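Residue-level structure breakdown
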Amino acid sequence: MGWLGVTSSATGRRWVGLTPEQERFAEAIAQTGQPLALSRHLARRSVPPDEVASFLEPRLRDLLPDPLTLRDMGIAANRILVAVENRQRIAIFADYDVDGGTSAALLVWWLRGLGRLATTYVPDRIDEGYGPNAPAIAALARDHDLIICVDCGTLSHDALAAADGLADVIVLDHHLGGETLPPAVAVVNPNRQDEDGTLAHLCAAAVVFLCLVEANRRLKADGTTGPDLMAMLDLVGLATVADVAPLVGVNRALVQQGLKVLRDRRRPGLRALADLARMDGPPTSYHLGYLLGPRINAGGRVGASDLGARLLSTDDDAEAAALAERLEALNGERRAIEARVTEIALEQAMDRLADGGALAWASGDGWHPGVVGIVASRLKEASNRPSVVIGIREDGFGQGSARSIAGVDIGAAVHRLAAEGLLVKGGGHRMAAGLTVAGDKIDAAMARLSDLLARQGADRTGPRDLIIDATLMPGAATRDLIAKLEQAGPFGQGASAPRFAFPDLRVAHARPVGDGHLKVTFTGGGPGRLDAIAFRASASGIAAAIDRAAGAPLHVAGRLEMNRWQGREDVQLKLEDVVLVAETER
């Protein structure tokens, strides 16, 4: 039976509470003085009672791994320092997403701190595609002594060979590696096949950060103080969240410290973009993933690919403001394109899944390659299946993006497809991948991919369970409780925010807002009221359930947050699900 007897909610989900073992953990944690609501959340996160204090106050110096744990790290750091000392010409070849842009910006700011400049090159998504290509590498090699590839390069054997004899190449990446390494003086990648996988959760910007930590350590040994890397953690935190890296271990500390740096608003590009995005209150992982990240990505998706890297690298306020304005406009354009493709792709994918299957996929002529990744995320959310969305170009080849669900490694499956010859190329990591496929092989490739994912259990996922940490009454939803809960953050991939159920409430007032959203005020369950916002309520079924209730009692579930608007701060529930009490199994 589900939590509060909920086996099929308005969104079609079963509500699930803690396991018996987690209940015992929660009781033990509560005895350390933590509120019960927080104790139950920590128990769900499997935090041992004797580690609660250190978990709630993670220290980067305790969690940051020794950079030399990664293969080739010493070689990479030394080669960069040689280039700095000898004033060699340095080029940075970066991917066009947030992780690539922040990785490039980290190097630019660090080199600037040492009085050195670098050329940043970001390939055009449509004309050049993902990763290094031979013409671009050859051109950079003719004019530079060192090329540093960030967030790309691990599988670019032919492209990097174009630099042979002209310039040295370093790869700082995190994408799944192949059986052989590309021709480079150093390939630093926690997902190389000869790594042990303990740091496989790092994004590329975190790998770059570790490389710079090692470089600074070597500078210090020679009596020189390197640039302040702690002041650059806003870039690392942004990349970690935007690249959907799991917020566990050192990642959690990197994001937490990064948010503190972002709060100081010192970086011109992020300050300008935050103002345009109307970020209110202290920055959170939500702001990184849903406000800043999409805007930075917009340049690489539908505009000039280098805009994001340029925004993050500039130290000029006027340039930052101009770049932020361009990205804001492009983000609006991206959203319009995305909406059109999503509608068609959802219909396609759901039709294919009508008879079951492990993969939600769709393809279409002329679909913009800049939005297929976002649309793939939409398919994943709607189907609870790994997803692929492919835009077919004029030359007949398809360019696609894949997204995965927890426990299913999409990067390994796509890599296998490429090795089998069903893809022109493909690669990625556990949660996301990119691919290029001949038009006449799309059906066969997707059938094979579905088979590979089924072997990982992707076809056995049903409607998602909604995990409930605890039951609360409206009067318990206070600012003090939210402040306590935030100590367990930041929240995101692999570290979901606490979710609470509020039983036996009635709708006092409800009104539509925005595009399909709903504002609701609930009463009941004791003194006080509970204000809530349900995003996409019309599409999710929540709006229909509330309308059907007609004054009857409801169980509601969601996450507590502070709603900051026009100088006011109020407790609000981000409503995720509802069910009529009469429709539960009691």
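Reference entry: report on the structure contained in this document. (Residues numbered from 1 in each chain as written. Predicted model: local features only at pLDDT ≥ 70, side-chain atom pairs only at ≥ 80, totals over all residues. Heavy atoms only, no water.)

So, about the sheet that holds strand 8 (residues 387-392). Across a sheet, paired strands are connected by hydrogen bonds in the backbone, their directions being either parallel or antiparallel. Overall, mixed pairing links the five strands, which are arranged 7-8-9-11-10 in an open sheet. Since the sheet does not close on itself, it has two edges, and those belong to strand 7 (360-365) and strand 10 (425-428), each with one partner. When strand polarity is set aside, the average angle formed by the axes of neighbouring strands in this sheet is 15°. Taken together, the six bridges between strand 8 and strand 9 (residues 397-403) define a ladder with antiparallel strand orientation. Paired with Ser-387 across the strands is Arg-403, a residue of strand 9. Along the sheet, helix 18 (residues 442-455) contacts strand 7, strand 8 and strand 11 (432-438); its crossing angle with strand 8, the most-contacted strand, is approximately 170°. (Pairing = 2+ DSSP bridges. Helix = DSSP H or I, 4+ residues; strand = E, 2+ residues; numbered from the N terminus. Axes fitted to C-alpha atoms, helices over the stretch in contact; angles between N-to-C directions. Contact = heavy atoms within 4.5 Å.)

Across the interface, helix 6 (residues 98-113) lies against helix 10 (residues 233-242) with an axial gap of 9 Å and an inter-helix angle of 165°. Viewed along their axes, helix 6 and helix 10 adopt a mutual orientation that is roughly antiparallel. In this structure, helix 6 crosses over helix 10, and the sense of that crossing is left-handed. Note on element contacts: helix 10 touches helix 6 through Leu-235, Val-236, Leu-238, Ala-239 and Ala-242, opposite Val-98, Asp-99, Thr-102, Ala-105, Leu-106 and Trp-109. (Parallel < 35°, antiparallel > 145°, perpendicular 65-115°, else oblique. Left-handed = near helix turned anticlockwise from the far one by under 90°.)

Within the secondary structure, His-144 sits in the loop between helix 7 (134-143) and strand 4 (146-150). By relative accessible area, His-144 is classed as buried at 8%. Side-chain polar atoms of His-144 contact the side chain of Thr-119, separated by 2.9 Å. A polar contact of 2.9 Å, which involves the side chain of His-144, links it to the backbone oxygen of Leu-140. Setting aside its immediate chain neighbours within four residues, His-144 contacts Arg-89, Ile-90, Ala-91, Thr-119, Leu-166 and Ala-167. (Buried < 20%, exposed > 50% of the residue type's maximum accessible area, 1.4 Å probe, protein only. Polar contact = N/O pair within 3.5 Å; in protein donor to acceptor, adjacent residues only side chain to side chain.)

What follows covers the pairing of strand 9. Note on strand geometry: in a regular strand, side chains alternate between the two faces of the sheet. Across the seven residues of strand 9, six count as buried, placing the element largely inside the fold. Direction of pairing for strand 9 relative to strand 11: antiparallel, over a ladder of seven bridges. When the sheet's bridge partners are listed, Gly-398 is paired in strand 11 with Val-437.

Just distances and angles here, no functional claims.
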